[in-house]
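Breakdown of the fold
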Amino acid sequence: MLGASRWVALVAAAGCCTVSGALLLGPHPPCHRRVPAAFTAGRARPLRCEEEASLPEEAAKKIPPEMLAAAWEREEEAKELSALLKGCQVYLVGLSTRKIAVGRALARRLQTYRLLDAPALMLSTYKALQGGEVAEQLTMETLMASEPVEDVQQLSAAVMREVQQYKRSVIVTWDGAVEPMDFMVMQQGIVANLQFEGADDDVYLPAEGGEEVLERWRAGHNQADVSVEVASGVAPDDAAAQLVAQLAAFIKKNPSRSGEWKVEADAKLAAKDEDEEE
């Protein structure tokens with residue numbers, strides 16, 4: 001069992017070396033801090049526009065005009081959202097591992113955004129910190145079974161603090177990232193709560209007090225700026241399109257608040273860092 005300060009110290013000492021190429025998905029635009037070379041070692045070169053495959057002309061002619069119009073509209077909405085975000089991070093909270101597929105689709109639509117999978121980073125960090133004592137097939141389910149939920153929460157918070165430097169990112173959070181410290185970090189960007197219909201099967205809870213923990217997580221997710229209900233069976237790209245529309249509407253409705261939130265969030269994080277140093 002590792003306490004809060006121990007998790008933070010170990011993750012910081014590791015330099016978040018767990019952020020590997022497999023987990024930094026999508027384009028790699030400049031951000032306000034230079035990304036260490038170790039973070040992107042072995043990372044595949046992103047595709048350029050001229051490398052992207054296109055439909056043969058005959059196949060394109062067979063697509064119904066209404067489908068082409070809908071696809072064009074989605075593309076334009078995503079371009080508009082990308083401009084409105086101005087590099088601001090998008091944090092996806094909520095229950096279910098389906099967040100990852102939606103996050104990947106959203107990052108792909110925004111084009112200049114990358115996906116950061118916080119639960120995967122938590123697992124790789126845990127493996128690195130435990131050395132060779134962890135089985136290769138470590139999952140969030142086995143992690144929740146082997147560690148107290150409080151320690152998993154601290155691991156999540158430590159990873160979130162490390163990845164917050166990456167602008168132009170869609171960051172998929174662990175289901176339990178609902179503590180005040182989590183929101184201090186996430187409110188530097190925009191937080192979207194994905195509410196999946198019938199998602200209880202892939203929510204991993206502690207062996208004891210699971211229902212209480214689940215209710216606390218749900219209440220925490222309600223602090224998000226935007227909530228999107230995703231019906232069962234909806235494709236990730238369709239859910240991402242819903243998210244694009246609601247995020248754009250939220251930013252237009254609150255044009256000046258994002259800057260204020262970031263200033264306030266930065267101040268809270270700085271104060272927290274000072275307290276920890278003392």
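Residues numbered from 1 in each chain as written. Predicted model: local features only at pLDDT ≥ 70, side-chain atom pairs only at ≥ 80, totals over all residues. Heavy atoms only, no water.

**Points about the overall build of the chain**
A count of helices and strands for the chain gives 11 helices and 6 strands. Per-residue burial over the chain gives 44% buried out of 278 residues. Contacts spanning at least 24 positions in sequence make up 78% of the contacts within the chain whose residues lie at least 6 apart. A total of about 14,600 Å² of accessible surface is found on the chain, and carbon and sulfur atoms cover 53% of it. (Helix = DSSP H or I, 4+ residues; strand = E, 2+ residues; numbered from the N terminus. Buried < 20%, exposed > 50% of the residue type's maximum accessible area, 1.4 Å probe, protein only. Contact = heavy atoms within 4.5 Å. Areas by Shrake-Rupley, 256 points an atom, 1.4 Å probe, with all protein chains shown as cover.)

**Some remarks on the pattern of salt bridges**
Scanning the entire structure with this criterion turns up 7 salt bridges. A salt bridge links Glu75 to Lys79, with the shortest nitrogen-to-oxygen separation between them at 3.7 Å. Here Glu75 pairs with Lys79, and both are found in helix α3 (residues 65–85), just 4 residues apart, close to one helical turn. Glu80 is paired through a salt bridge with Lys252; the nearest N and O atoms lie 2.7 Å apart. Taken together, the residues span a long stretch of sequence, with Glu80 in helix α3 and Lys252 in helix α10 (residues 236–253) at a distance of 172 residues. (Salt bridge = Lys/Arg side-chain N within 4 Å of Asp/Glu carboxyl O.)

**Things to note about the environment of Ala239**
Tracing the backbone shows Ala239 in helix α10. If we skip the residues at most four places from it in the chain, Ala239 touches Val102, Val230 and Val234.

**Section: the nonpolar core**
Counting residues in each nonpolar core, the largest one holds 32 residues, and the members touching the most others are Leu143, Trp174 and Trp217. Of all the elements in the fold, those that place two or more residues in this core are β2 (90–93), α5 (118–130), α6 (140–146), α7 (149–163), α8 (180–186) and α9 (210–221). Each residue touching Trp174, except ones within four places of it in the same chain, is listed here: Ala118, Pro119, Met122, Met140, Met144, Val149, Val152, Gln153, Ser156 and Trp217. With 30 residues, the next largest nonpolar core counts Cys88, Val90, Tyr113 and Ile251 among its residues. (Core = buried A, V, L, I, M, F, W, Y, C linked by side-chain atoms within 4.5 Å.)

**Points about α5**
Helix length check: α5, at 13 residues, gives a terminal C-alpha distance of 18 Å against a target of 18 Å (1.5 Å per residue), a fit within 8%. Residues Ala118, Pro119, Ala120, Leu121, Met122, Leu123, Thr125 and Tyr126 constitute the buried set of α5. (Expected span 1.5 Å × (residues − 1).)

**Points about the environment of Ala245**
Its place among the elements puts Ala245 in helix α10. Sequence-wise, Ala245 and Ala78 are 167 residues apart; in three dimensions their C-alpha atoms are separated by 8.2 Å.

**Quick look at the packing of helix α4 (residues 98–110) against α10**
The N-to-C vectors of α4 and α10 enclose an angle of 65°; their axes lie 8 Å apart at closest approach. α4 and α10 meet at a crossing whose hand is right-handed. Seen from α4, the contacting residues are Ala101, Val102, Ala105, Leu106 and Arg109; seen from α10, they are Pro236, Asp237, Ala239, Ala240, Leu243 and Val244. In terms of residue class, the contact of α4 with α10 is made up of 9 nonpolar, no polar and 2 charged. (Axes fitted to C-alpha atoms, helices over the stretch in contact; angles between N-to-C directions. Left-handed = near helix turned anticlockwise from the far one by under 90°. Nonpolar A, V, L, I, M, F, W, Y, C, P; charged D, E, K, R; others polar.)

**Some details on α7**
Taking 1.5 Å per residue, 15 residues should reach 21 Å; α7 reaches 21 Å between its end C-alpha atoms and fits that length. The buried count for α7 comes to 11 of 15 residues, which makes it a mostly enclosed element.

**Overview of the packing of α5 against α7**
It is at 9 Å that the axes of α5 and α7 come closest, and there the two elements cross at 110°. Between α5 and α7, the crossing angle belongs to the class labelled roughly perpendicular. For the pair α5 and α7, the contacting residues are Ala118, Leu121, Met122, Thr125 and Tyr126 in the first and Val152, Leu155, Ser156, Val159, Met160 and Val163 in the second. Here the contact of α5 with α7 is built from residues that sort into 9 nonpolar, 2 polar and no charged. (Parallel < 35°, antiparallel > 145°, perpendicular 65-115°, else oblique.)

**Observations concerning the side chain of Asp175**
Along the chain, Asp175 falls in the loop between β4 (169–172) and α8. For Asp175, a relative accessible area of 9% puts it in the buried group. Here the side chain of Asp175 touches Ser96 through a polar contact of 3.4 Å, landing on its backbone nitrogen. Ignoring anything within four residues of it in the chain, the contact list for Asp175 reads Gly94, Leu95, Ser96, Lys99, Asp202, Val203, Trp217 and His221. (Polar contact = N/O pair within 3.5 Å; in protein donor to acceptor, adjacent residues only side chain to side chain.)

**Re the packing of aromatic side chains**
Applying the stated rule across the entire model yields 1 aromatic pair. Geometrically, the ring pair formed by Trp174 and Trp217 is edge-to-face, given 5.3 Å between the ring centres and 70° between the ring planes. Of this pair, Trp174 sits in the loop between β4 and α8 while Trp217 sits in helix α9; the two residues are 43 residues apart in sequence, bridging distant segments of the chain. The same class applies to Trp174 as to Trp217, namely buried. (Phe/Tyr/Trp six-rings, centres within 6.5 Å; stacked < 30°, edge-to-face > 60°.)

**Here's the deal with the pairing of β2**
With burial as the criterion, each face of β2 is covered, one bearing Val90 and Leu92 and the other bearing Tyr91 and Val93. Judged from the 3 bridges that link them, β2 and β4 form a sheet pairing that is parallel. Bridge assignment links Leu92 to a residue of β4, and that residue is Val172. Here β2 pairs with strand β5 (residues 190–196) via 4 bridges, running parallel. (Pairing = 2+ DSSP bridges.)

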